[in-house]
Amino acid sequence: MRDGPRYPLEVAMAGFEGVIYVRFVVTETGEVDDIEIVGGFPPGAFNEVVVDALEGWRYDPATQDGVPVRRSGVEQRFDYRMQR
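Residues numbered from 1 in each chain as written. Predicted model: local features only at pLDDT ≥ 70, side-chain atom pairs only at ≥ 80, totals over all residues. Heavy atoms only, no water.

Caption draft 1: Layout of unusual backbone geometry. In this structure, the amide linkage connecting Phe41 to the following residue, Pro42, adopts the cis form with an omega of -10 degrees. As for its position among the elements, Pro42 is in the loop between β2 (32–41) and α2 (47–54). Of note in this structure, Asp34 is not a glycine but carries a positive phi near 50 degrees. Within the fold, Asp34 resides in strand β2. (Helix = DSSP H or I, 4+ residues; strand = E, 2+ residues; numbered from the N terminus.)

Structure (structure tokens):
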């Protein structure tokens, strides 16, 4: 399950658009761990909602020789654009 992060109401009401880059680990059980904000604009505007969403994401874990393994360095970009 991978619900996207919401657009923070206060950021949307201010009319801000932005982008955020994150890096994380997918564990042997498919959970997201060690979430790191790599960058974003405006700084800090979307951090909380992105981390909250990622904590609920689940993946099929990577495998090596048929055994589930951790996958480090998974990167994701989220774009926030106002509808016009």
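Caption draft 2: Just the packing of aromatic side chains, in detail. One pass over the structure, following the stated rule, counts six aromatic pairs. With a centroid separation of 5.1 Å and 85 degrees between ring planes, the pair formed by Tyr7 and Tyr80 is classed as edge-to-face. Of this pair, Tyr7 sits in the segment before α1 (9–13) while Tyr80 sits in strand β5 (residues 71–80), and the two are 73 residues apart along the sequence. Here Tyr7 falls in the partly exposed class, since its relative accessible area comes to 23%. Plain terms: the ring middles of Phe46 and Tyr80 are 3.9 Å apart, the flat faces sit at 10 degrees to each other, and that makes the pair stacked. Of the two residues, Phe46 is situated in the loop between β2 and α2 and Tyr80 in strand β5; the sequence distance between them amounts to 34 residues. No difference in accessibility class separates Phe46 from Tyr80, as the two residues are buried. The structure contains a cluster of three or more aromatic residues connected by ring pairs, namely Phe24, Trp57, Tyr59 and Phe78. Taking NZ or CZ as reference, Arg71 lies 5.6 Å from the ring centre of Tyr59, over its face. (Phe/Tyr/Trp six-rings, centres within 6.5 Å; stacked < 30°, edge-to-face > 60°. Buried < 20%, exposed > 50% of the residue type's maximum accessible area, 1.4 Å probe, protein only. Lys NZ or Arg CZ within 6 Å of the ring centre and 35° of its normal.)

Caption draft 3: Local environment of the pattern of salt bridges. Taken as a whole, this structure holds six salt bridges when the rule is applied. Close ionic contact of Asp33 with Arg70 constitutes a salt bridge, the shortest N to O distance being 3.8 Å. A residue pair is termed long-range when its members are at least 10 positions apart, and Asp33 in strand β2 and Arg70 in the loop between β4 (67–69) and β5 qualify at 37 residues. According to the relative accessible area criterion, Asp33 is partly exposed, its value standing at 30%. The salt bridge partner of Arg70 is Asp34, with a shortest N-O separation of 3.3 Å. In this pair, Arg70 is assigned in the loop between β4 and β5 and Asp34 in strand β2, connecting sequence segments 36 residues apart. (Salt bridge = Lys/Arg side-chain N within 4 Å of Asp/Glu carboxyl O.)

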